[in-house]
Amino acid sequence: MAHLVTLATCTLNQWALDWAGNTSRIIQSIQQAKEKGATLRVGPELEISGYGCLDHFLEGDTFLHSWEALSKIIEHPDCQGIVLDIGMPVRHKNVRYNCRVIVYNKRILLIRPKRWLANDGNYREMRYFTNWLREGHVEPYYLESIVSNITGQSTVDFGDGIISTKDTCFACESCEELFTPAAPHSALGLDGVEIFTNSSGSHFELRKLKTRIDLIVEATRKSGGIYLYSNQKGCDGDRLYYDGASMIICNGDILAKGNQFSLEDVEVITATVDLEDVRTFRASPSRGMQAQTSRKFPRIELDVRLSKRFAGMGVTEPLNPVLHTPQEEIGLGGACWLWDYLRRSHAAGFFIPLSGGIDSCATSMIVFSMCRMVHDAMRAGNAQVIKDARMIAGEPPDSTWIPECPEKLCGRIFHTCYMGSKNSSPATRQRAKELAQDIGAYHVNIDIDKITDAIIYVFESCTSWKPIFKSEGGSIAENLALQNIQARTRMVLAYLWAQLLPSLRQRRRQRTNGGSLLVLGSANVDESLRGYLTKYDCSSAEYASKKFKLPILESFINATPTAELEPITSSYVQSDEIDMGLTYDELGEFGRLRKVSKLGPWGAYCKLLSLWGKAAEHGGRAMTPRQIAEKTKLFFTKYAINRHKMTVITPSLHMCPYSPDDNRFDLRPFLYPSFEWAYRKIDGDVREREENPTQAKAKREPQIT
């Protein structure tokens with residue numbers, strides 16, 4: 001006989017410390033889950049407080065307000081008659097834990113602390129929480145009075161247990177635990193758990209979603225079971241975008257999957273599954289023998305059935321989800337993060353210095369992607385998006401405005417400015433103008449020569465020395481100083497225009513001022529690694545691409561990257577790659593070796609001997625060991641000299657695993673000694689290869705010891 005159970009998992013756009021908003025979205029998700037006939041609802045990790053509270057998790061207020069919010073949820077009339085798996089921080093015996101709270105009809109069944117904490121990359125959970133190391137152990141937790149007054153309980157079970165209903169059983173596995181070699185679902189499955197709930201705070205990174213899907217599919221394909229994966233969505237207050245994509249998977253088949261990128265604050269997905277399918281899947285003798293000797297977990301009894309039996313209820317068929325390409329992930333992920341940043345900061349829009357180069361073009365296209373998503377959501381009737389868009393655009397409270405097209409919306413909230421100088425080319429000025437026109441942005445065209453000339457005049461009048469560019473016979477120091485003056489002048493002007501443009505356009509007449517704009521920066525990750533940027537230039541900002549059918553993009557893509565900070569002559573045009581001494585492809589390779597592969601100068605040199613030393617027809621660059629050594633030393637020398645610039649880099653959306661973000665992801669010194677020790681070792685290897693070319697051909701790449 002079929003035992004059909006409808007289960008719900010949800011994606012919520014939570015905001016750290018937004019107690020009222022987070023609570024409201026949780027209740028909305030429970031209401032929607034019940035409307036869809038679900039008997040079990042799972043929410044994201046730390047959904048009550050928001051995942052990104054950071055050091056606020058060290059404050060007693062955060063735990064108090066979490067219990068206050070939970071009390072409102074469990075006593076709400078719409079939150080009865082369904083089993084709830086809710087995430088929040090809990091203090092037990094003066095120890096802070098990242099917990100799941102299992103609730104049914106105003107009764108707390110179990111508080112399940114996270115066993116394995118995420119503590120690498122962007123994650124610092126061990127700074128705030130402690131692992132629960134007692135597998136299969138449950139003990140009493142003395143309940144806060146604000147909740148015990150509702151539940152009538154003085155103590156509840158706290159620890160690693162299983163919820164056993166009249167027809168099945170389920171248990172929790174939280175986020176990082178899925179990624180560990182000995183994931184809890186293996187032992188829990190052998191002890192009879194048929195439904196696994198995984199509440200996650202997994203942030204967006206290019207191609208990361210496929211890794212999540214593969215892990216869950218493999219987990220249930222190997223040991224069987226129903227897996228409910230719930231992930232947070234949106235920018236909850238810092239550099240990360242949580243990309244949702246909540247899923248329901250059974251026996252290796254994906255039954256339901258939520259959106260990875262959308263502007264919906266609450267998204268609930270459900271699937272109806274036959275519990276007998278899990279039991280049949282687990283019929284192998286080898287699994288049965290392992291189950292006999294596996295660890296036994298304590299069970300908390302719940303006198304209710306999750307399954308239902310009524311006509312017209314069929315099982316959910318498997319689906320084959322289509323994943324976004326990395327290019328689509330950049331455009332959509334960046335757009336969603338920017339939208340949350342904009343609406344939650346209550347700014348009047350964005351401003352970007354549009355240089356006519358590819359970096360500011362790419363950033364502008366992400367903003368245009370945001371405008372397309374917002375326009376589509378407004379047209380689809382998303383009430384929250386409509387409300388937020390009207391607020392940002394300066395519409396009065398009784399407005400019925402909905403833009404005709406994305407370009408109209410872009411014209412209201414996105415502002416671009418070409419800040420030219422005598423070193424700028426007509427081509428970049430025209431590209432900037434055409435791009436702004438094509439996407440509908442409000443565009444300003446200005447020149448900065450009078451400002452830079454005035455600054456140089458002050459220096460000259462004081463010192464009786466006028467610095468000149470390298471192309472005019474000046475020194476390297478003069479050349480850099482004259483370039484940096486232009487870049488830093490653009491930063492000051494960018495913030496001036498961002499503060500005054502809304503007032504100039506008479507935005508928000510109902511207020512005493514027009515609001516201000518968030519300044520967008522456009523710094524290249526690989527250039528940042530090399531240090532090829534000016535500290536406090538126009539990449540200083542609040543935020544550091546052919547689907548759009550904009551022909552002007554081809555001219556940006558095909559243009560030679562140039563800073564246009566030096567005079568253009570008949571024999572000289574500044575080139576970024578020539579200035580850096582490395583191509584962008586080479587910089588990208590060094591970036592991956594440095595961060596992802598965790599290699600220093602010697603290790604990078606050893607790896608590049610095999611990667612770049614091969615002939616071109618075999619995928620290499622046909623470089624000699626000396627050429628590889630020179631490029632390795634150049635990169636790490638410039639990297640060390642310029643690392644201090646990353647300490648003030650603008651907060652930006654984390655997208656890739658070789659990000660140089662100094663705030664949390666890539667923690668390094670900013671005052672380095674020379675890499676003389678490693679360089680001597682590299683030079684010695686080069687000499688040995690050049691002195692013994694016959695041996696060098698047969699020699700394998702040196703060992704990294």
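Residues numbered from 1 in each chain as written. Predicted model: local features only at pLDDT ≥ 70, side-chain atom pairs only at ≥ 80, totals over all residues. Heavy atoms only, no water.

## Side note on the environment of Lys-681
Consideration 1: Structurally, the position occupied by Lys-681 is in helix 23 (residues 676-691).
Consideration 2: Along the sequence, Lys-681 and Pro-601 sit 80 residues apart, while their C-alpha atoms lie 9.7 Å from each other. (Helix = DSSP H or I, 4+ residues; strand = E, 2+ residues; numbered from the N terminus.)

## Description of the environment of Trp-465
Consideration 1: Here Trp-465 lies in the loop between helix 15 (449-463) and helix 16 (476-504).
Consideration 2: When its relative accessible area of 44% is taken as the criterion, Trp-465 is described as partly exposed.
Consideration 3: Separated by 391 residues in sequence, Trp-465 and Ile-74 place their C-alpha atoms 75 Å apart.
Consideration 4: Setting aside anything within four residues of it in sequence, one finds Trp-465 in contact with Phe-459, Glu-460 and Glu-478. (Buried < 20%, exposed > 50% of the residue type's maximum accessible area, 1.4 Å probe, protein only. Contact = heavy atoms within 4.5 Å.)

## Digging into empty space enclosed by the protein
Consideration 1: Taken as a whole, the largest cavity encloses approximately 130 Å³ of empty space.
Consideration 2: Here the lining of the largest cavity is built from residues that sort into 10 nonpolar, two polar and four charged. (1 Å grid on protein atoms, 1.4 Å probe; cavity = no way out; pocket = protein on both sides within 12 Å on 5 of 7 lines; lining within 4 Å. Points joined across faces, edges and corners; volume = space filled by probe spheres on them. Nonpolar A, V, L, I, M, F, W, Y, C, P; charged D, E, K, R; others polar.)

## Side note on the packing of aromatic side chains
Consideration 1: This structure, assessed with the given rule, holds 27 aromatic pairs.
Consideration 2: Considering the side-chain rings of Phe-57 and Tyr-128, the 5.8 Å spacing of their centres and the 50° angle between planes classify their relative orientation as tilted. Here Phe-57, found in the loop between strand 2 (40-42) and helix 2 (60-74), pairs with Tyr-128, found in helix 3 (residues 125-128); they are 71 residues apart in sequence, far enough to count as distant.
Consideration 3: Under the relative-accessibility criterion, Tyr-128 is labelled buried at 8%.
Consideration 4: Feature note: the residues Phe-590, Trp-612, Phe-635, Phe-636, Tyr-639, Tyr-672, Phe-675 and Tyr-679 constitute an aromatic cluster, connected by ring pairs.
Consideration 5: Lying across the ring of Trp-602, Lys-681 places its NZ or CZ 4.8 Å from the centre. (Phe/Tyr/Trp six-rings, centres within 6.5 Å; stacked < 30°, edge-to-face > 60°. Lys NZ or Arg CZ within 6 Å of the ring centre and 35° of its normal.)

## Things to note about the confidence of the model for the protein
Consideration 1: Across the protein, pLDDT averages 90, with 91% of residues at or above 70.
Consideration 2: Ignoring residues within four places in sequence, the model shows residues 542-546, a span with pLDDT below 50, making 27 contacts including any to other chains. (pLDDT = per-residue confidence, 0-100.)

## Some words on the sheet that holds strand 22 (residues 518-519)
Consideration 1: Pairing is parallel across the open sheet formed by four strands, whose spatial order is 21-20-19-22. Each end of this open sheet is capped by a strand with a single partner; those strands are strand 21 (442-447) and strand 22.
Consideration 2: Alignment of strand 19 (residues 350-353) against strand 20 (residues 414-420), held across four bridges, turns out to be parallel. When the sheet's bridge partners are listed, Ile-352 is paired in strand 20 with Thr-416. (Pairing = 2+ DSSP bridges.)

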